[in-house]
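Fold and geometry: a report
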Amino acid sequence: QKPNKKRQPPPLDPEILEMVRQRIRAAAYTGHAGPELDVLFTRFDKDGSGQLDEEEFRKALRRTLRITPEAISDTQISSLCAMLDTDYSGTLSINEIVSFVGAEPGTSRKERRALQNAENEKLWNDYFNPETKKKKKQETTAARKRNLRLRPEVVQQVRAKINAASYQGHLGRELEALFNRFDRNGNGTLDEEEVRIALRRNLKVSPAIISDSEITSLFYLLDEDNSGSVTVKELVAFVGPEPTVSKRTGKTVGVSAEQPLTVA
């Protein structure tokens with residue numbers, strides 16, 4: 001099975017960016033108070049979360065700003081969302097909207113155009129530069145990992161479930177084979193959704209044992225290198241080395257499924 005590669009959104013024409021920017025800026029004006037982007041943002045933020053997801057942003061452009069599909073298509077709106085989401089959170093903040101709208105109209109047209117071109121270039125460089133994306137993703141993962149809240153007994157139960165499922169009769173423990181069953185798109189790593197499906201469907205771990213929020217915490221625990229995905233090496237490190245049987249006593253020795261929880 002071939003891995004599913006995400007297609008990179010096509011770049012937007014500067015004319016489209018300028019048109020959206022001008023529409024947002026115009027809608028933000030409320031008389032003598034001048035531009036009030038925070039007020040406009042609140043109108044866009046239908047669920048009051050303080051963030052705009054792609055659907056809220058799309059509705060804001062279509063319904064509030066009256067921008068037609070002929071002016072900007074849904075695909076282009078997706079590209080614009082990805083471009084504005086400079087912290088890769090999956091949502092847009094008021095600061096990201098303000099950053100996009102840019103300079104006040106008080107500057108000259110030449111200065112404003114220069115600032116906007118520089119801002120457009122910076123946004124696209126940040127979005128399409130693989131090294132920048134990787135670094136920001138690692139920083140986000142590391143920050144979330146610092147706030148991990150996962151009960152040790154949950155970790156022990158999950159570790160034991162994975163360990164038990166990896167045994168294949170006379171072949172002994174086959175963690176790599178188990179990992180390949182979890183790796184649904186065949187790209188050699190597990191994202192958070194694949195870890196969730198592996199626990200729920202493959203290992204039959206119920207929400208009574210580990211909640212969805214705890215699965216998210218577990219995912220960040222497994223992701224030792226903060227890459228945003230889990231490798232077979234990281235899974236092996238989590239489960240621990242395979243126990244061996246002492247030739248002298250016949251008893252199992254080595255690290256068990258009860259090994260302690262460690263959070264980077």
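Residues numbered from 1 in each chain as written. Predicted model: local features only at pLDDT ≥ 70, side-chain atom pairs only at ≥ 80, totals over all residues. Heavy atoms only, no water.

**Describing the overall build of the chain**
Definition in use: Numbering of helices and strands starts at the N terminus; helices are DSSP runs of H or I of at least 4 residues and strands are runs of E of at least 2. The rule is simple: take the accessible area with a 1.4 Å probe, protein chains only, and divide by the maximum for that residue type; under 20% is buried, over 50% is exposed, in between is partly exposed. Contacts: residue pairs with any heavy atoms within 4.5 Å of one another. Calculation of accessible area relied on Shrake-Rupley with a 1.4 Å probe; when residues are assessed, cover is drawn exclusively from the protein chains displayed.
If you tally the helices and strands in the chain, you get twelve helices and two strands. Counting helices and strands in the order they occur from the N terminus, the chain gives α-α-α-α-α-α-α-α-α-α-α-α-β-β. Among the 264 residues that make up the chain, the fraction classed as buried is 38%. Counting only contacts in the chain whose residues sit at least 6 apart along the sequence, the fraction spanning at least 24 positions is 57%. When the accessible surface of the chain is split by element, carbon and sulfur atoms take 51% of a total near 15500 Å².

**Examining the packing of aromatic side chains**
What counts is decided by this rule: To pair, rings of Phe, Tyr and Trp, with the six-membered ring standing in for Trp, must have centres within 6.5 Å; the planes then decide the type, stacked if under 30 degrees apart, edge-to-face if over 60, and tilted in the middle. Ring-over charges, as used throughout, are those where CZ of Arg or NZ of Lys falls within 6 Å of the ring centre and within 35 degrees of the ring normal.
If you walk through the whole model with that rule in mind, you get one aromatic pair. Relative to Tyr220, the ring of Phe219 has its centre 5.6 Å away and its plane inclined at 70°; by these criteria the two rings are edge-to-face. Tyr220 shares its class with Phe219; the two are buried. Sitting above the plane of the Phe100 ring, Arg21 keeps its charged end 4.5 Å from the centroid. Lying over the aromatic face of Phe238, Arg159 brings its terminal NZ or CZ to 4.6 Å of the ring centre.

**Thoughts on the packing of helix α1 (residues 14–28) against helix α2 (residues 37–44)**
What counts here: Here the axes come from fitting lines to C-alpha atoms, over the contacting stretch only for helices, and the angles between their N-to-C directions go from 0 to 180 degrees. For classification purposes, an angle smaller than 35 degrees is called roughly parallel, one larger than 145 roughly antiparallel, one from 65 to 115 roughly perpendicular, and anything else oblique. Amino acids outside the nonpolar list (Ala, Val, Leu, Ile, Met, Phe, Trp, Tyr, Cys, Pro) and the charged list (Asp, Glu, Lys, Arg) are all regarded as polar, and Gly is one of them.
One way to put it is that α1 packs onto α2 with a least axis distance of 8 Å and a crossing angle of 105°. What the angle tells us is that α1 and α2 run roughly perpendicular. Contact residues: Ile24, Ala27 and Ala28 in α1; Leu37, Leu40 and Arg43 in α2. When grouped by side-chain class, the residues that make up the contact of α1 with α2 number five nonpolar, no polar and one charged.

**Quick word on the confidence of the model for the chain**
The criterion, for reference: Values of pLDDT, ranging from 0 to 100, describe the predictor's confidence in every residue of the model.
Averaged over all residues, the pLDDT of the chain is 77; the fraction at 70 or higher stands at 67%. Here residues 1–7 is a poorly scored stretch, pLDDT under 50, and it has six contacts once near neighbours within four places are set aside; other chains count. Below pLDDT 50 for its whole length, residues 253–264 participates in 24 contacts with residues either more than four positions away or in separate chains.

**Overview of unusual backbone geometry**
One non-glycine residue, Tyr88, lies in the positive phi region at around 55°. Despite not being glycine, Asn226 has its phi angle at roughly 60°, a positive value. Position of Asn226 relative to the elements: it lies in the loop between α11 (212–222) and α12 (232–239). Since its relative accessible area comes to 17%, Asn226 is described here as buried.

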